[in-house]
Amino acid sequence: YGISYLTRATVALIGLGANLMEDSVYPQLSGLHGSYVLHFKQLPPTSSFWSITAYDKDGFTQPNAANRAHISSWMKLNYEKDGSLKIYLQESMHPSNWLPVPKGEYNVTLRIYSPSIDGWIPAPVKREVKITYILLFFAVAYTTKKLWI
């Protein structure tokens, strides 16, 4: 941290061993509920590796059926035909690139080590909508002849 003594003292107080920003970045999504899909059209730019971890609202990982707390670039992942990567954040098991998340509110942290993030745009996060609910909505709308928007 060079001669930045305030930064050095702060890190010693609350983040002993923290990396320099040049060595790693940790973008976060907070206050999530339910299922989401992270769709990386461009993978996090790194000369090392990246990982995504899900935490409960108190900042802890939770036990789950996959015995997994994160997904990382070093894992065997399934890529889309166009080379993009979808990661499924949800409680129930997904057959591909599943990151189990806790019930209720949770947070997700993306860690990029040895980043080169100039011009990189993070993956969009989209709420996953279950098709059964959509079909049920249209079935109700069709039988009642009313469409709510």
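Residues numbered from 1 in each chain as written. Predicted model: local features only at pLDDT ≥ 70, side-chain atom pairs only at ≥ 80, totals over all residues. Heavy atoms only, no water.

Membership of the largest hydrophobic core comes to 21 residues, with the highest contact counts inside it found for Phe-40, Trp-50, Ile-52, Ile-87 and Leu-89. Secondary-structure elements contributing two or more residues to this core are β3 (36-40), β4 (50-56), β6 (85-90) and β8 (106-113). Take this core: its biggest share by element is four residues, from β8. Filtering out sequence-adjacent residues up to four positions away, Trp-50 remains in contact with Leu-43, Pro-44, Ile-71, Ser-72, Ser-73, Leu-77, Leu-85, Ile-87, Leu-110, Arg-111 and Ile-112. (Core = buried A, V, L, I, M, F, W, Y, C linked by side-chain atoms within 4.5 Å. Buried < 20%, exposed > 50% of the residue type's maximum accessible area, 1.4 Å probe, protein only. Helix = DSSP H or I, 4+ residues; strand = E, 2+ residues; numbered from the N terminus. Contact = heavy atoms within 4.5 Å.)

This next bit is on the pairing of β8. Across the eight residues that make up β8, a large majority, eight, are buried. A two-sided burial pattern is seen for β8, the buried positions comprising Tyr-106, Val-108, Leu-110 and Ile-112 on one face and Asn-107, Thr-109, Arg-111 and Tyr-113 on the other. Where strand β1 (residues 24-25) lies against β8, two bridges are found, and the strand directions are antiparallel. Note on β8: the bridge partner recorded for Val-25 is Ile-112. (Pairing = 2+ DSSP bridges.)

Counting through the fold element by element, Thr-53 comes out in strand β4. Within polar-contact distance, the side chain of Thr-53 engages the side chain of Arg-111 at 3.3 Å. (Polar contact = N/O pair within 3.5 Å; in protein donor to acceptor, adjacent residues only side chain to side chain.)

Turning to the packing of aromatic side chains, a few remarks are in order. In total, this model carries three aromatic pairs according to the counting rule given. Taken together, a centroid distance of 5.9 Å and an interplanar angle of 35° make the contact between Phe-40 and Trp-50 tilted. A residue pair is termed long-range when its members are at least 10 positions apart, and Phe-40 in strand β3 and Trp-50 in strand β4 qualify at ten residues. Accessibility assignment for this pair places Phe-40 and Trp-50 in one class, buried. The ring of Tyr-26 has Arg-111 sitting right over it, with the charged end atom 5.5 Å from the ring centre. (Phe/Tyr/Trp six-rings, centres within 6.5 Å; stacked < 30°, edge-to-face > 60°. Lys NZ or Arg CZ within 6 Å of the ring centre and 35° of its normal.)

The next subject is the sheet that holds β6. Reading across the sheet, the four strands line up as β7-β6-β3-β9 and stay open at both edges, with mixed pairing between neighbours. Only two strands of the sheet have a single neighbouring strand rather than two, namely β7 (98-100) and β9 (125-127). When the angles between neighbouring strand axes are averaged without regard to direction, this sheet yields 25°. Across three bridges, the pairing between β6 and β7 is parallel. Across the sheet, the residue bridging to Tyr-88 is Trp-98, located in β7. (Axes fitted to C-alpha atoms, helices over the stretch in contact; angles between N-to-C directions.)

For the protein, the mean per-residue pLDDT works out to 81, and 85% of the residues sit at or above 70. Of all secondary-structure elements in the protein, the lowest mean pLDDT belongs to helix α2 (residues 131-144), at 40, while strand β5 (residues 70-72) reaches the highest, 96. (pLDDT = per-residue confidence, 0-100.)

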